[in-house]
Each structure stands twice: as C-alpha cells, then as structure tokens.
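# Working through the structure, step by step
Residue-level listing of the chains:
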Amino acid sequence: MSLPYPPCAGDQNLFTSLYPTLSQQLPREPMEWRRSYGRAPKMIHLESNFVQFKEELLPKEGNKALLTFPFLHIYWTECCDTEVYKTAVKDDITKWQNVLKAHSSVDWLIVVVESDAKKKNKTNILPRTSIVDKIRNDFCNKQSDRCVVLSDPLKDSSRSQESWNAFLTKLRTLLLMSFTKNLGKFEDDMRTLREKRTEPGWSFCEYFMVQEELAFVFEMLQQFEDALVQYDELDALFSQYVVNFGAGGKFNMFCSKSWAVLCVLRVNSSKRFCCLILSVHLQVSVPPGALDCWVFLSCLEVLQRIEGCCDRAQIDANVSHTVGLWSYATEKLKSLGYLCGLVSEKGPNSEDLNRTVDLLAGLGAERPETANASQSPYKKLKEALSSVEAFEKHYLDLSHATIEMYTNIGRIRSAKLVGKDLAEFYMRKKGPQKAEVYLQGALKTYLAEGWALLVTHTRKQLAECQKQLGQIENYLQTSSLLAGDNHLTEEERKRFCREILDFTNQQAENQGQKVLLPMHSFAQLKTLHFDPPNAVVHVGGKLSIELTLLSQMPIPVQVDQVAIHVHFSIEKNSYRKTAEWLTKHKTSNGVITFPSEIAGLPLSRNNLPALELSEMYERSPSDNSLNTAGIICKNAHMLLRRQESSSSLDVPSGLTLEDGAHVLKCSNLTLEPGDNKITFNIQAKEPGTYTLRQLCTSVGKVQFVLLHIYPIVQYDVYSQEPQLKVEPMTESLLAGIPQKVKFTVTTGHYTMKSGDTLQLSNADAMPILYHPESKAVIYSNTREKISESSLRIQSSEKITSISLPVAPAYHVIEFELEVMYLPSATESAVEKENITNKENHRKNKEKQKQDNCMATVDQKVTIDCPWSIYSTIIALTFCIPFNAKHSLLSAGKRKYVQVCVQNLSELCFQLSDYSLKNSAECTDLQLVPLNPADQQVVFSKQSIFFVWELKWTKELPLSLQCLFSVSFCPATSEEQSFTLKPFTYEFQVENFFTLYHVKTEIFPPLDAEYCKTGSLCSLEVSITRLVELSEVDRDEALTESDGYCTTKLMYEVVDNSSNWAVCGKSSGVISMPVAPRAIHKVHMEVMPLFAGYLPFPDVRLFKYLPHHSAHSMQLDADSWIENDNLSVDKNVDEQADSSSIRSRGSLHSTASGEHKGLPMPRLQPFSPGQVFNSSTGMQILVIPSKDDHVLEVNVT
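Per an unreviewed UniProt entry, the protein chain goes by Trafficking protein particle complex subunit 10 and derives from Catharus ustulatus. Regarding the protein chain, the relevant UniProt record gives this comment under Subcellular location (unreviewed entry): "Golgi apparatus".

See below:
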C-alpha cells in the first residue's frame, strides 16, 4: 500500500543520509489495517513518499483532496548539546508546531538521532535522555510517544538494528492511524455530498470527481475490490439519473454540464472499471464460440438499426465508419465456421454438431421486435450455422460486401486482408484456383508497399496453392524466394530448398524440358572484378573475371554450370584504338559493385530515400503579415515515382536466354550459403567490345537467370598498331647543352625481330650523343618490367641507326638518348624569325615582355621504323636559355659598349671566354674589355653585364657591325667530353660619335649664397659643338653659305619630377654653327618648389627640320613628330632607344586633313651618343625660405 508523502522538517542533510535505509525498511513488515463500520481487517505493506516540509504543502480550508494530503509530519534532529538546543533547535521546533497548529495538523513525530561519534567530540554532553526529556517536556507533555530516539542508524550493529525496528514500528503505526482517520473523514464528507443530490445546484460531475478520487486512493493502496465498489456505485447513480430523466423527471444535474461531458465521464468510468477487473483477475467462463456469437449479433444489430433510420445516401456516405463492423462480423462468422467444422473438406463431425447445438441453444429465443423480420441477425446466424452450404453463402456474401466497401473507400490493404481470409477458406474447400487470385492480389500490394513479414506469410500460402494447382514453374520460383527469406525459420527455409533440389533430381532422370527462373530469388550478384583492372586486353592476351555471388539458399547447392552470355560488337576503325583510349571511363580498381536488394522485395521501404522537408511561409505583400504556413517535401519526385506493375509480380513472364557464340562458362561448382567467388579465365581472340548481358546458373534442369546485368559491364579487346613516341625528360629542352630524350616504342601487334632498327636522319644543328652504357628496357603491356639490354647505336654522316632489342607483340621498349641543339644562326636572327609583328617589336613594353620569355626553335627529325614503309617526322622544341641586348654609353667623346646577357632558364651557367669583335675587322678600332677575364656564374633569372671601351685612331664609318661571343656550360655539370658551341649575339652601332655637349648651370639670386624655395634662380644652358661637319649633319636642317654651315636645333627644358617651375619660355629654336667649339647659351629663370638637394631639370635637344623635306614622306609615322607649337612629348627619354619621338598630337595631325595646307616643322631626335649632357645626375642645394609658422612639439 503506497501512501502520499509525509513532509519532513528539521535537519535535511540528516534525513537525506537516512532516506535510502528508511525507504527500503518501511514496507518490509506487514501491518494490520482495521477499518470502521465492521469491515474486515487486512494485512498491508506500507510504502510512503517523503518530501521536505513546506507550508505551501499543508491543506487549505475546504480542500478535500486525499491524494495530496500530508498524513504525518516528521521533525529530524541530531542535537546532543543543550546550548545548541536552547539557542536554535527549540525555537525551530516551536515554529514548526505553530505552523501545524495553524493548519489544524495534529499528526506529527519528532525523531532524535543519537550517534557515538558526536559524543566523543563534545565535552559538555549530558546523557541522551536529557535532550529527549527536554523535548518531551517542552512539546510532548500529553503525547510522550510522539518523540522517538534513533541510535547510530548508519552503523551495522545489534543496537542500531533494535533502534531501527522500534522506530519503524512506531512510524508504521502513526502513518496507518493518520491515514485511517483522514480516510474515514473523507468518506463521511462524500456520503454527506451524495445525500444532497436532490437539492438545487447539486452537480453530478463534482460528485463524480470526489468518489473517483476515493477509487484512485483504493487502487493506489492495491485494494482493487474497494475501488470496484466505488465505480459500481457511480455507474448505478448515473444510470438512475439517466432513467429518471428519460421518464420525465426534472433534475438539474444536466443543467450545468452538457451531455457530451457526461458521456465522457461514463466512458471513462467504464474503462476504469474494466482495468480494475483485469487487476483483480476476475474470470468469467463462457463456452467456446459464445463470445463470437454475441459479437456477430451485436455488429449486425447495430448495422440493422443504422439501415432502419438512414436512407441509402447517408449509408453510402458513412461507409468508412460502418465497414469496420462488417469486417468484424465477417471475422467472427469465419471463427464460428472453423469452430463448428463448417469449413473442413469432410464437413462437421459429431463433436462439431454437438457444439453447434449448444451455441444455438445458448442464443435463446429471438426478441419479439425482430421475430417477424425475414432477415434478422438472429435468423442469419442460426441459418449460417445450420449447414455447410448456408455458411458458405453467408460467409461469401459478407466477405465480398466487405471487400467492395474497403475498395470503394480506398482501404486497399484491408480489402486484401479480407481477400487472404477468403483464399484460406477456398484452400480448405479445395478450391486453389479461386484462392490464387486473392493471394496474388495481396502479394502484389504487400510487395509494392514493402511489408516484408506479410509478403513472407502470403508467399507460404501461395506456394501451397501453386503446388495444388500443379504450376511447377511458379511453385519453384516461390519456393526459391521462401528458401532465401530470412523471416522464416532455418528448418522452413531448408524444406523449401529441398523442394527445388528434389525437382531438379527428378527432371535430371526424366530429361524433361528446362525450367527458367529469376536469379534474384536464388542468388544475388554483388561484385565483379576484372584483372587487369582496366578491362582492356590485346588480342591473344588473358583476362580474368571474378564474380561474387551471394547464395540465398540455407544449404550448399551443387551447381552444374555458371554461364555469362556476352554480346560482341565491333565499331568502325576500332582496331586503331589504343589501350589508353579504351581505358577512359573505366573504374580505376576494376571492381564493379551491383546494387543489393531484398530477395523478392525490390520495392522495400528501407530502400526509399528519407523525407526532406522544409518550411514554407506566404506573407502578405502589403503589410508583410503571415498568410499561410506549410511544409514542402523537396524530394517528392523520388518518393512518388510511378511503380511499374511488373516489378512487384512474382510470376515469371517470358524468361529467355540470348543465343550467341560468346558464352563464358564455369562448371561443377558448389555454392555455399553466403558469398562465393567464381573466376572466369578468357583468352582474347577477336578485337572488339564484349558486353556482359545475362548470368545463368544451372542446377539440373532448372536455370536461374539474371536477365540484365546492370550497371553495364564491358571489356575490350584491341589490336594496336605499333607506335613511336619521343618526348623530353624535362619540362623544356635547352639549346646548346646536352638534353635527355626518351624514346618509347609500343610494339602493338608487331613482333620485334633481331636486326630491327630505327633510322634517324642526322641534322647538323642537332647531333645525337651516344653513351656506351645506354640501356633499353622492355615492359609488358601492364607496365611490368620484362628484361633490360644494352643499346647499340651506329652513326654515319647522314644516318644514325639504333638497334632495337627483340620483343614480343604488345610490349613496350623504352630507352633514353642525349641530343644537343647547336643553333647555326645568331641570336638576332633567331629573334627575327620568331617575331612576326615588327610594329610591336619597336615598342619598348613589348620588348620587355619578350625579354622575359625564352625564344624557341623547332628541330624536325625524320625516323624510319621497321614496321612501316612510311617515315615518321617528329619535332623537338628547344629553348634558347639566354637573351642579350646592348647599349651605347658616353662620357664626353669617349664611347663604351655594354652587352647584357640574361639567363632566362632555371639552370645556373658558368660563362667564360667572352669577346666582342668588329665584323669589318677595322684595324683603326680597338675594343678594350673592362670586365675581369675570370669565369663568371650567371644564376637563374639573373643578368650579367660586359663592357668594352671603343678607341679609334682615324675617322670611323657611321655604323659598326659587332659580334659578341661567350662560352657557357651548366655550373653544376662535370667536364664534358665534347665542346659546346658558344653563345653569340650580333648587333650594329650607328651614329655613335658625340656631336654636341650640353651643360646646365643654376645660379642663386644676386646677393644670395644659396637658392631658396619660392625665389627665382637663373638657369644657363650651354650647347657646344664638338666635331666638324660630317655626313651625319647633311640633312634638311643644314644651311651652307660662303663655306659657313649652320643647322637648326630645338631645345626644351623639362622637369618631370616637378621640383622646378620654369618661368617664361621653356623651349626654343636656335641656329647652331657646324664648327668645332661653337657655343650657344640660353638663359631662363626657374623657381625651386622644394627644399633640399634637387636634381637639375632635363634639357633635351632635337633637330629642327623644315617642312619642305621630301625625305620625310618616306619615313615611318612613328619616327617623326608634327608640332605646331614647339612642344614635345614628355616620354622622349623613354623612347630614345627606338630612335623616334612622338608628340601629343602626332597621330591626330597625321590622320586628319585639318592642317593639310599649313607647313608644319618636324623634330628629329639625335641617335644615342650624339648628344652628351654633362649635367645629368647633378644636384643643387635649395634652402627653405623664412617660415613664420610655429610648430609645438611635446616630448614626454
């Protein structure tokens, strides 16, 4: 008996430590429960829930709840010190008792826990009776039993056990007394409330809740008989009021509550009543079949009442609610038929007849209101049990009607279930042809929906049906499915497997026709493994296919043959396809995995994808308020796909094996349960594509066929032509140094014989370097090393012959050779050959881009192969590792030539034996090298410079042809046994003599020592002629009069760095005498804009040509500038290398006809070296002007 919780006050830690022992010990000993009104005593076991004391738990006035009532209040303390008791414990107990008195709670207990450990730690401890006596004197004067002592409760001793027994006895007694007292009071209050039922305002619902709570309490105490009494009284009271109300009585019990609430109360009480009956294990004995008769009659009577009060339209509309009664009545009639022997083949026996007589007698007389009806439920049942024919008629009518109603409302599953019952009925009546229809329909539905257990059960029934019908093929297929069904027991599976094996043995003896069955019921193809993995083999090669078959049978099965039917196809020109081409789109490991499915259950719900749901909200466009919300299935197209009707049928339909010459066979195997490895070895004969179409396993005369092997599995047989491939061993081949090249000979169908050679045509620019230790390696078609042999090379003036080792067909021969490209042309010629756009070549930015890329040269080699009458031409691309450029440097009249060699490759080179020669071999010119004669290393992507000074004794021609040469070799290579050709660079130097000397000077203002910012300073430009009249000066600007020659020059002062402001005229045209030491000075004013050491402004000098020059029409547009305001482009210095200057309006003036009639002068820049500016790079100190601003700087 479980009581509600007693609240516990006082020391909560103390109670927590004792609670486990208390909760275990309390219900062990039984207690005698004596009740009032002379009711018999009972022995009960007490269980109680303890909670912490809170004032909120105490019952309020008027609260009659019994389930949450606190029956006993317990105060726990282990105080053994009088001082602590006086100062704390006494006041706490006083407050606790005052709260209980305020709520009229008189059931309480004080527990004093005493332990020896605390005695030893205290010096002023009196005997324990002193504390107990004080508590009894202070709080228990008249009730001394309300204070108990618990000694050493946590120790395992006899004294502790005696103390526990005494305490538990007292606790059980007080708990039972409090409960009995409060229970009696609750029952008296309930009776008082029931006696007021005739008064106005009385509510049955409120009374129901009170008496039901009493029933709950009895049920909690496991007094189920007393609880049943409460529900029985409630039911009687309710029935009395309903009868009185129906007879015209006026009671207000239905005024405050609706009929619906009262009906719910009645149903709830009936349900509780039934649960309690089960709890007390009440047994009601009825004869077999009596309950089925009662259910059958009840269902039909309800249906008859519905038909009597509703028209046909209402009945049809409510079929979904009444079809359950029809199905229930059909099920009970079937049970009665089986019970009374009305379904057996021989009919009922004497025992069945006696049972039928007892059931009909138990029905009693028919009720008067249905006695005159022709088709009452009573008459139907009596007629159905009277004979076999009558039962069959009534049962079939009910079954067909139920199936039709289920089908009309869309409950196909329920309709098929009733159909299965009909099939079972027909099987008992020896009508398997009728039963098969219903079983096949049910099986189709279960397969489509993935009900595995239902499929198994239906197949068992169908197998028996097919066996009786003599459908051998269908029966064998169903048996194979059942033999591999894991939902059956091992013995059942073995039984169906032996059925198949027995049939195969019989057929083998009779030599009958072969029976074709689907493979998936017998075994499943899991994986297929090719060796070689790419499933590509040459003609004459070997290929193996390893199948993994999962046998569904529970026992080992001896298989006569496993065969793979292969479809052969050959495409046009497929004999030219290589193994690499055929390997595309093949699996890398050669393993093909097939999708697994449950045997005979291809549409299992386990294979369906999971639902992918997402929320959907639709909001108003005006105020963004939520209009609708819903759920969308993202993968509905995967879940709601149309199911093919043939996919769920077990009946084999038209299984045929393809006829063909290509069949792979493996004979005399034993398939063990589980995975089995089967290997097929193939000798490739005819080139083409072989597709594995069907798999057939033969067991006697029974063949299990996999009609389509999917995914598609193919292997290819090829006949490859011999091939030669030459490829560099590095990313790029460098010219001028030995480079390794790999020769790969794929023999294909050709067999290399002794004496077969490769004939290479020699090229002077690319000799082949031979090493005696060179080797040729022979590999198999699968890259397995076969052998290695020395390479023999013979070279003549025009031909290099390479002897190939003997090798069989479909092998690979690889060897390496060293070649070296020796460019016969100069570097400048190579650049001219590779650059097609001369216009872009003249621009500096394009030149810079080309300088960063290596120039390339293609060298073609003709090779004659032994397997072909045609020559093979290959091209090797070599990269020039260096790029060279030159520049002319001047220092007054002294001239220097600088050559920059840039290493564009990834290697480091060692340079030596550099030289610069004049191609004309002029004896009056001397080139003096200024670099050290030692060897120098140029690193990757780095440059090195060589400088020579030009010295001459006589007047030289206007241009010089120069040839630069330098020897090179890789910095990390060992000494070569051959000589490398040096790198050469040919260039031309024109108009390199200094014609004019330009000098610039800046002077501070008068009476100032330094130039100041913002002050005007004087700028003086001196232009000095250094040489006499030469051929260079003879142009349109030259004016000759009486042996005195002058030319027109234009000067311009420009400051690109914006350090100076040129005041006044910054450019002009002067007439310069063409005579040595002729000087022209120009003065102007400049203003420094910044303080510090400022570089001098730039001074540029141009030839000023008249407009009537006929020569100008023949020059390039980029070489001239048409200018009408004597202003020049600011990029003159950037374009000085290209010997041209372009103005801002040059293209516009040339392209448009706006100034066609006006004579426009032209400017022509001097060649590099013709003008020497000695002030380039000079600086002048500029001091800041007086500053009145004050800058405060705080330093902390």
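With respect to topology, four strands assemble into an open sheet ordered 15-11-13-19, the strand pairing being antiparallel. Two strands close off the open sheet at either side, each with one partner strand: strand 15 (591-593) and strand 19 (674-683). Taking the axes of each pair of neighbouring strands and ignoring which way they run, one obtains an average angle of 20° across the sheet. Note that strand 13 (residues 542-551) and strand 19 share ten bridges and pair antiparallel. From the neighbouring strand, Ile545 faces strand 19, where its bridge partner is Phe680.

With that settled, consider the pairing of strand 14 (residues 557-569). Pairing between strand 14 and strand 18 (residues 663-671): eight bridges, direction antiparallel. Within strand 18, the residue paired with Ala563 across the bridge is Lys665. Where strand 14 meets strand 20 (residues 688-699), nine bridges bridge the pair, whose relative direction is antiparallel. Paired with Ile564 across the bridge in strand 20 is Leu695.

Taken together, the side chains of Val286, Leu291 and Trp294 make up a nonpolar region of the molecular surface, amounting to roughly 370 Å² of accessible area. With respect to the element layout, Leu291 can be found in helix 9 (residues 290-309). Leu291 sits in the exposed class, given a relative accessible area of 53%.

What characterises a pair of aromatic rings is the spacing of the ring centres plus the angle enclosed by the ring planes. Inspection of the entire model under this criterion finds 32 aromatic pairs. Aromatic side chains Phe522 and Phe704 sit 4.2 Å apart centroid to centroid with 10° between the ring planes, which places their arrangement in the stacked category. Taken together, the residues Phe522 in the loop between strand 10 (515-518) and strand 11 (523-531) and Phe704 in strand 21 (residues 702-706) connect sequence positions 182 residues apart. An aromatic cluster of at least three residues, connected via ring pairs, comprises Phe15, Tyr19, Trp76, Trp164 and Phe167. Over the aromatic face of Tyr779 sits the side chain of Arg783, whose NZ or CZ is 4.3 Å from the ring centroid.

Within the element layout of this structure, Thr330 appears in helix 11 (residues 319-339). Non-local contacts of Thr330, meaning those with residues more than four positions away in its chain, are made with Tyr395, Leu398, Ser399 and Thr402.

The terminal C-alpha atoms of helix 9 lie 29 Å apart, and with 20 residues this matches the ideal 28 Å at 1.5 Å per residue to within 8%. Inspection of helix 9 places Asp292, Cys293, Val295, Phe296, Leu297, Cys299, Leu300 and Leu303 among the buried residues, and these make up the whole buried set. For helix 9, the elements touching its buried residues are helix 11, helix 12 (350-363), helix 14 (377-384) and helix 15 (388-408).

Before going further, it helps to spend a moment on the sheet that holds strand 50 (residues 1079-1088). On the basis of which strands lie adjacent, the open sheet formed by five strands has the order 48-50-45-43-55 and mixed pairing. On the outer flanks of this sheet lie strand 48 (1060-1063) and strand 55 (1171-1173), each paired with one strand and no other. Averaged over all pairs of adjacent strands, the angle between their axes in this sheet comes to 30°, without regard to strand direction. Pairing geometry for strand 43 (residues 996-1003) and strand 45 (residues 1017-1025), over eight bridges, is antiparallel. Its bridge partner being in strand 45, Val998 is matched across the sheet by Ile1023.

A few words on the side chain of Ser965. Along the chain, Ser965 turns up in strand 41 (residues 959-970). Exposure remark for Ser965: the relative accessible area of 16% places this residue in the buried category. If near-sequence neighbours (up to four positions away) are discounted, Ser965 is found in contact with Asp913, Tyr914, Ser915, Pro982, Phe983 and Thr984.

Look at helix 11 against helix 16 (residues 412-428): their axes get within 12 Å of each other, and the N-to-C directions meet at 20°. Considered as vectors, helix 11 and helix 16 are oriented roughly parallel to each other. Helix 11 and helix 16 meet at a crossing whose hand is left-handed. On helix 16, the residues that touch Ser327, Lys334 and Tyr338 of helix 11 are Val418, Asp421, Glu424, Phe425 and Arg428. Among the residues forming the contact of helix 11 with helix 16, the class breakdown is three nonpolar, one polar and four charged.

A full pass over the atoms with the stated rule returns 22 salt bridges. Note that Asp188 and Arg191 form a salt bridge whose closest N and O atoms lie 3.0 Å from each other. In this pair, Asp188 and Arg191 both sit in helix 5 (residues 158-195), three residues apart, roughly one turn of the helix. When its relative accessible area of 27% is taken as the criterion, Arg191 is described as partly exposed. Note that Arg894 and Glu949 form a salt bridge whose closest N and O atoms lie 2.9 Å from each other. A residue pair is termed long-range when its members are at least 10 positions apart, and Arg894 in strand 36 (residues 894-903) and Glu949 in strand 40 (residues 943-952) qualify at 55 residues. Relative accessible area serves as the criterion here: at 7%, Glu949 is assigned to the buried category. Taken together, the shared-partner salt bridges connect Glu187, Asp188 and Arg191 into one network.

Below, the discussion takes up unusual backbone geometry. Note the cis peptide between Asp531 and Pro532, where omega equals 10°. Looking at where Pro532 falls in the secondary structure, it is placed in the loop between strand 11 and strand 12 (536-538). Of note, the amide linkage connecting Tyr710 to Pro711 takes the cis form, showing an omega dihedral of 5°. Tracing the backbone through its elements, the reader meets Pro711 in the loop between strand 21 and strand 22 (713-718). The backbone of Asp1007 shows a phi angle near 60°, a positive value even though the residue is not glycine. Structurally, Asp1007 is set in the loop between strand 43 and strand 44 (1011-1012). Owing to a relative accessible area of 87%, Asp1007 belongs among the exposed residues under this scheme.

The residue Gln211 is located in helix 6 (residues 204-220) in this model. Along the backbone, Gln211 and Phe186 are 25 residues apart, and their C-alpha atoms lie at a distance of 9.7 Å. Ignoring sequence-local partners within four residues, the contact set of Gln211 consists of Met190, Arg194, Gln230, Glu233 and Leu234. Among the polar contacts made by the side chain of Gln211, one reaches the side chain of Tyr207 at a distance of 2.6 Å.

Here we come to the confidence of the model for the protein chain. Mean pLDDT over the protein chain works out to 80, with 81% of the residues at or above the 70 mark. Note that residues 642-653 has pLDDT below 50 and, in this model, 21 contacts with residues that lie over four places away or in other chains. Across residues 1109-1157 the pLDDT falls below 50, and counting only partners more than four positions away or on other chains, this stretch makes 72 contacts in the model.

Disulfide: a covalent bond formed between the sulfur atoms of two cysteine residues. Taken as a whole, this structure holds zero disulfides when the rule is applied. Not engaged in a disulfide, the cysteine Cys140 finds its nearest cysteine sulfur in Cys147; these two sulfurs lie 5.3 Å apart.

What counts, and at which threshold
Residues numbered from 1 in each chain as written. Predicted model: local features only at pLDDT ≥ 70, side-chain atom pairs only at ≥ 80, totals over all residues. Heavy atoms only, no water. UniProt positions renumbered as here; feature names shortened; annotations may be inferred. Pairing = 2+ DSSP bridges. Helix = DSSP H or I, 4+ residues; strand = E, 2+ residues; numbered from the N terminus. Axes fitted to C-alpha atoms, helices over the stretch in contact; angles between N-to-C directions. Patch = residues over 30% accessible without salt bridge, like charges linked within 9 Å, V, L, I, M, F, W, Y side chains within 5 Å. Areas by Shrake-Rupley, 256 points an atom, 1.4 Å probe, with all protein chains shown as cover. Salt bridge = Lys/Arg side-chain N within 4 Å of Asp/Glu carboxyl O. Buried < 20%, exposed > 50% of the residue type's maximum accessible area, 1.4 Å probe, protein only. Phe/Tyr/Trp six-rings, centres within 6.5 Å; stacked < 30°, edge-to-face > 60°. Lys NZ or Arg CZ within 6 Å of the ring centre and 35° of its normal. Contact = heavy atoms within 4.5 Å. Expected span 1.5 Å × (residues − 1). Parallel < 35°, antiparallel > 145°, perpendicular 65-115°, else oblique. Left-handed = near helix turned anticlockwise from the far one by under 90°. Nonpolar A, V, L, I, M, F, W, Y, C, P; charged D, E, K, R; others polar. Polar contact = N/O pair within 3.5 Å; in protein donor to acceptor, adjacent residues only side chain to side chain. pLDDT = per-residue confidence, 0-100. Disulfide = S-S within 2.5 Å.

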